[in-house]
Amino acid sequence: MTILHVRGLEQGYGRSLVLKGIDLDLDVGLTCLLGLNGAGKTTLLRTLAGDLAPRAGSVSLGDRAGDAVQDRASLAGIGYLAQDPVLPGHMSVRDVVEYAAWLKGVQDRDAVGLALEQVSMSSQARDRCRTLSGGMRRRVALACALVGLPPVLLLDEPTVGLDPEQRLQLRDVVRTVAESAAVVVSTHELAEVAALGGRVIVLFDGAVVFSDTVEGLRSHGPDSESLEAGFAHLLRQERSA
Amino acid sequence: MRSLALALRASWGALAAPAAMLAAVAYGLLNNGWVGAWMETAQTAVNAFTLALPLIVLAAGLDAQRDSDVSSPLYPGRGARSGVVITLWRWVGITSWMLAAFIAASATLLITTWGRSDPIEFPWLVLTVGVGWIAAHTALGLALGAYLPRLGLLIVAAVAPFLLNVGLAYGTGSPSALLTALDNGVLAVGTRLAPEAAARQLAWFCALTVGGLIVATARRSKPWLGMAAAGVMVGLGLVSVLTGPGERGAPVAEEKQICAEGVVVVCVWKEHAYYLPALRDVTDAMVEDLDTALPLPDRVAEAGLALSDSSVSFYIGTQNAGPGMLAEYLAPDLVRWLACEGTPGEVAVSDDVLVRERWLAWRAVPDALPPQAFDETHGIPEGPISEQVDWFAAGLDGACAPL
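Everything numeric here is computed off the predicted structure, so don't read it as measured data.

Draft legend 1. Focus on the overall build of chain A. A tally of regular secondary structure across chain A gives nine helices and nine strands. Taking all 241 residues of chain A together, 54% fall into the buried category. Expressed as a percentage of contacts within chain A between residues at least 6 apart in sequence, the contacts between residues at least 24 apart total 65%. Of the roughly 10,100 Å² of accessible surface on chain A, a fraction of 48% belongs to carbon and sulfur atoms.

So, in structure tokens, the structure goes:
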């Protein structure tokens, strides 16, 4: 079931065009958004999250008519975790997630507790954000994105800066959420893609140049030996084109 | 209620409000706010909170900046709430904290001055100035925080409130009633607040508040609207300054006076009825020996009350005025009247005049003036009262310069 439809999406800063006519359909499940630095991954996620107004194209959520990034009710159905989330240090963990729930218009009183539970932060609910480690902060930010169980979850390089144990925990959370929502994980690390699995979308120079499974990317290379080889072959093809 | 509770918990006001209250308390202590009369408490509370206004602006600005970073999971552009609702929600949070601090500081002042002054009606209206300023300054802080970086906010938050309050509002020489906060001058005895002044003041508070909120809200979506709102506020201020001062107070009806018969009739505003017995005693003591030598006034009336042809007017300037202070207040006006024999005129300050003013006060309340008060001039005249009266009258000859 397709949850998010993106058609002809263009985005840029000043005169430079970063996204060049993106067409995308996101289903329930996990999608890795892979690309080199500067490929447009963060710009695409921020545009889908409503941070940036698209220059052209449309984004629609489920059966809802109209442009999702222009419609506040639709935006509430999209959870977004920024690359390096900033939390208000003077607020408690619970208050931050409750604040996020209020911003999204989430009415369910249990939603905050559930989100904290999903990221294993229930026991730190009363702690001030300034006292948390980097990994914990990222989990709190993830809880903010998860609160209200949005049908679309966009995660921008969520495992950067986490220790191995925290990475494993976060991947578990992401996989669980992906059972009932369309989850997009942006990354430039192939190891992360291999560990997460699911669908892979490769963004190159502002355009989608590949959309298939992890195995499909692996087999894209001449010898089908590794993801690195498949990805490198894809990039060579695109550069020569 | 959950939204309000969350707004309170999320706000920097939780830290700033206690600090603001402490600043107000410190101001009160340093400026003898605690020992003053409770009629002055309202003004002291408002003035004390002027000191806390930069803190209020800063806290509101930090609230606006709290989630303005696009990396924040609380970035408001992504939620279902509109920018207007979010700005109002922030404003309610920070304003509630600061009003609580203001109420606490005012209550502390009231409690500590309770019963230490005269039973004069408390000017509650003055407290609304504090409420208005807080509402306006939190909106101003939200607007500044939406546009300025952290360092810029720190600097402007420290400067802007003083420009608004000290430079424009609180100075008695303020060029405009619109920009002038109401103070005790408006509510002086015998004066009521002019409705026009109240309306202008309210309009200015509303313009600052609504304008600030519009500017804060327009940051993301409609910068032109913010510019327009800021322009309207500046324009209002300029119009106010250019149109000149307005009348802030209007006299109340003279039926509000109360009089007592003595050697002469003594009249005060009803609000000062408390002073009347002491004032009549002072007046009687001052004039009872003079009436054989000098033309006495028929009536001694508090400033603002209508005068008869033969009356002297004086001003009760401070609360808690005991007989000694009343005698000191009354003496210069009575001396001027006697010197000019009831005609319009001025008496130049001189040692001769000064010692006679002191002699009058001393005669009414011997304990009121220390002996050295006379040593500075010619000393207390000695001898029978008739000789003293002659000395007094002789000193006033030619002292009056007709207007």
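There is more to say after this.
Draft legend 2. Helix α1 (residues 2-10) of chain B, seen in detail. Buried within α1 of chain B are the following residues: Leu6, Ala7 and Ala10 of chain B. Down the axis of α1 of chain B, the smallest arc covering the buried residues is 105°, so these residues share one side.

Draft legend 3. Quick peek at the state of the cysteines. Residues and elements named next belong to chain B. Taken as a whole and judged by the stated rule, the model has two disulfides over all chains. One disulfide in the model links cysteine 340 with cysteine 400; its S-S distance is 2.0 Å. Disulfide cysteine 340-cysteine 400: the torsion about the S-S bond is 100°, which places it as right-handed. Separated by 60 residues along the polypeptide, cysteine 340 in helix α11 (residues 323-340) and cysteine 400 in strand β8 (residues 400-402) bring together distant segments of the chain. Going through chain B in sequence order and numbering each bonded cysteine, the pairs you get are 1-2, 3-4.

Draft legend 4. Up close: a positive patch on the surface. A cluster of like positive charges, contributed by Arg94, Arg109 and Arg126 of chain A together with Arg2 of chain B, occupies part of the molecular surface. By the element assignment, arginine 94 of chain A lies in helix α3 (residues 93-104). Under the relative-accessibility criterion, arginine 94 of chain A is labelled partly exposed at 34%.

Draft legend 5. Seen up close, the interface of chain B and chain A. In this assembly, 29 residues from chain B lie in contact with 28 residues from chain A. Interface area, chain B with chain A, both sides summed: about 2,700 Å², of which 57% is carbon and sulfur. On the chain B side of the contact with chain A, Arg2, Leu74 and Arg78 of chain B bury the most area, a combined 25% of that side's loss. Summed over the shared surface of chain B and chain A, the number is three salt bridges. Between arginine 9 of chain B and glutamate 98 of chain A there is a salt bridge, and its shortest N-O distance comes to 3.3 Å. Linking chain B to chain A there are 10 residue pairs in polar contact (both at pLDDT 80 or more). Only α1 and α5 (83-113) of chain B provide two or more residues apiece to the side of chain B that touches chain A. When the residues that make up the side of chain B that touches chain A are grouped by side-chain class, the tally is 12 nonpolar, eight polar and nine charged.

Draft legend 6. Spatial organisation of the pairing of strand β5 (residues 78-81) of chain A. All names here are of chain A. Because side chains alternate across β5, one face comprises the buried residues Ile78 and Tyr80, and the other comprises Gly79 and Leu81, equally buried. Of the strand pairs in this sheet, β5 and strand β6 (residues 152-156) are connected by four bridges, and their pairing is parallel. Counted as the bridge partner of tyrosine 80 is leucine 154 from β6.

Draft legend 7. Structural context of the environment of valine 159 of chain B. Residue and element names in this part refer to chain B. Mapped onto the fold, valine 159 is located in helix α7 (residues 150-170). Judged by relative accessible area, which is 43%, valine 159 ranks as partly exposed. C-alpha of valine 159 to C-alpha of proline 54: the two residues are 105 residues apart in sequence and 7.4 Å apart in space.

Draft legend 8. A look at the sheet that holds strand β4 (residues 265-269) of chain B. Residues and elements named next belong to chain B. Strand order in the open sheet formed by four strands is β3-β4-β5-β6, and the pairing between neighbours is mixed. Pairing within the sheet leaves two strands with one partner each, and these edge strands are β3 (257-260) and β6 (311-314). Strand-to-strand twist of the sheet, defined as the mean angle between neighbouring strand axes without regard to direction, takes the value 20°. Direction of pairing for β3 relative to β4: antiparallel, over a ladder of four bridges. The residue of β4 that forms the bridge with glutamine 257 is tryptophan 269. Along the sheet, helix α10 (residues 276-287) contacts β3, β4, β5 (299-302) and β6; its crossing angle with β4, the most-contacted strand, is approximately 145°. Lying over the sheet, α11 contacts β5 and β6, oriented at roughly 145° with respect to β6.

Draft legend 9. Inspection of empty space enclosed by the protein at higher detail. Counted under the stated rule, the structure contains three cavities of 30 Å³ or more. One number sums up the size of the largest cavity: a volume of about 120 Å³. Together, Ile78, Gly79, Tyr80, Ala100, Leu103, Lys104, Cys144 and Ala145 of chain A together with Pro73, Tyr75, Arg78 and Gly79 of chain B line the largest cavity. Elements supplying a minimum of two residues to the lining of the largest cavity: β5, α3 and α5 (134-146) of chain A. Classifying every residue of the lining of the largest cavity gives eight nonpolar, two polar and two charged.

Draft legend 10. Spotlight on the packing of aromatic side chains. All names here are of chain B. One pass over the full model with this rule turns up five aromatic pairs over all chains. Summarising the aromatic geometry, the rings of tryptophan 359 and tryptophan 391 are spaced 6.0 Å apart at their centres and angled 70° between planes, so their arrangement reads as edge-to-face. On the criterion of sequence distance, the pair formed by tryptophan 359 in helix α12 (residues 351-364) and tryptophan 391 in helix α14 (residues 385-396) is long-range, its members being 32 residues apart. In this structure tryptophan 391 comes out as partly exposed when scored by relative accessible area, which is 23%. The ring centre of tryptophan 391 lies 4.0 Å from the NZ or CZ of arginine 356, which sits over that ring.

Draft legend 11. Region of the structure containing the confidence of the model for chain B. Residue and element names in this part refer to chain B. In this model, chain B carries a mean pLDDT of 78, and residues with pLDDT of at least 70 account for 73%. The spread of mean pLDDT over the elements of chain B runs between helix α13 (residues 372-375), the lowest at 61, and helix α4 (residues 53-65), the highest at 92. In this model, residues 34-38 is a region of pLDDT below 50 whose contacts with residues beyond four sequence positions or in other chains number 21 contacts. Every residue in residues 169-186 is under pLDDT 50, and counting partners more than four places away or in other chains gives 62 contacts.

Draft legend 12. Just the packing of α11 of chain B against α12 of chain B, in detail. Residue and element names in this part refer to chain B. Where α11 contacts α12, the two axes come as close as 9 Å, and the packing angle between them is 130°. Classified by the angle between their axes, α11 and α12 sit oblique to one another. For the pair α11 and α12, the sense of crossing is right-handed. Here Ala327, Glu328, Ala331, Pro332, Leu334 and Val335 of α11 lie close against α12, whose contacting residues are Val353, Arg356, Glu357, Leu360, Ala361 and Ala364. The residue makeup of the contact of α11 with α12, split by class, is nine nonpolar, no polar and three charged.

The rules behind these values
- Residues numbered from 1 in each chain as written.
- Chains lettered and ligands numbered in written order.
- Predicted model: local features only at pLDDT ≥ 70, side-chain atom pairs only at ≥ 80, totals over all residues.
- Heavy atoms only, no water.
- Helix = DSSP H or I, 4+ residues; strand = E, 2+ residues; numbered from the N terminus.
- Buried < 20%, exposed > 50% of the residue type's maximum accessible area, 1.4 Å probe, protein only.
- Contact = heavy atoms within 4.5 Å.
- Areas by Shrake-Rupley, 256 points an atom, 1.4 Å probe, with all protein chains shown as cover.
- Arc of directions from axis to C-beta.
- Disulfide = S-S within 2.5 Å.
- Patch = residues over 30% accessible without salt bridge, like charges linked within 9 Å, V, L, I, M, F, W, Y side chains within 5 Å.
- Salt bridge = Lys/Arg side-chain N within 4 Å of Asp/Glu carboxyl O.
- Lys, Arg positive; Asp, Glu negative; His and termini not counted.
- Charge placed at Lys NZ, Arg CZ, Asp CG, Glu CD.
- Buried area = accessible area lost by both parts, 1.4 Å probe.
- Polar contact = N/O pair within 3.5 Å; in protein donor to acceptor, adjacent residues only side chain to side chain.
- Nonpolar A, V, L, I, M, F, W, Y, C, P; charged D, E, K, R; others polar.
- Pairing = 2+ DSSP bridges.
- Axes fitted to C-alpha atoms, helices over the stretch in contact; angles between N-to-C directions.
- 1 Å grid on protein atoms, 1.4 Å probe; cavity = no way out; pocket = protein on both sides within 12 Å on 5 of 7 lines; lining within 4 Å.
- Points joined across faces, edges and corners; volume = space filled by probe spheres on them.
- Phe/Tyr/Trp six-rings, centres within 6.5 Å; stacked < 30°, edge-to-face > 60°.
- Lys NZ or Arg CZ within 6 Å of the ring centre and 35° of its normal.
- pLDDT = per-residue confidence, 0-100.
- Parallel < 35°, antiparallel > 145°, perpendicular 65-115°, else oblique.
- Left-handed = near helix turned anticlockwise from the far one by under 90°.

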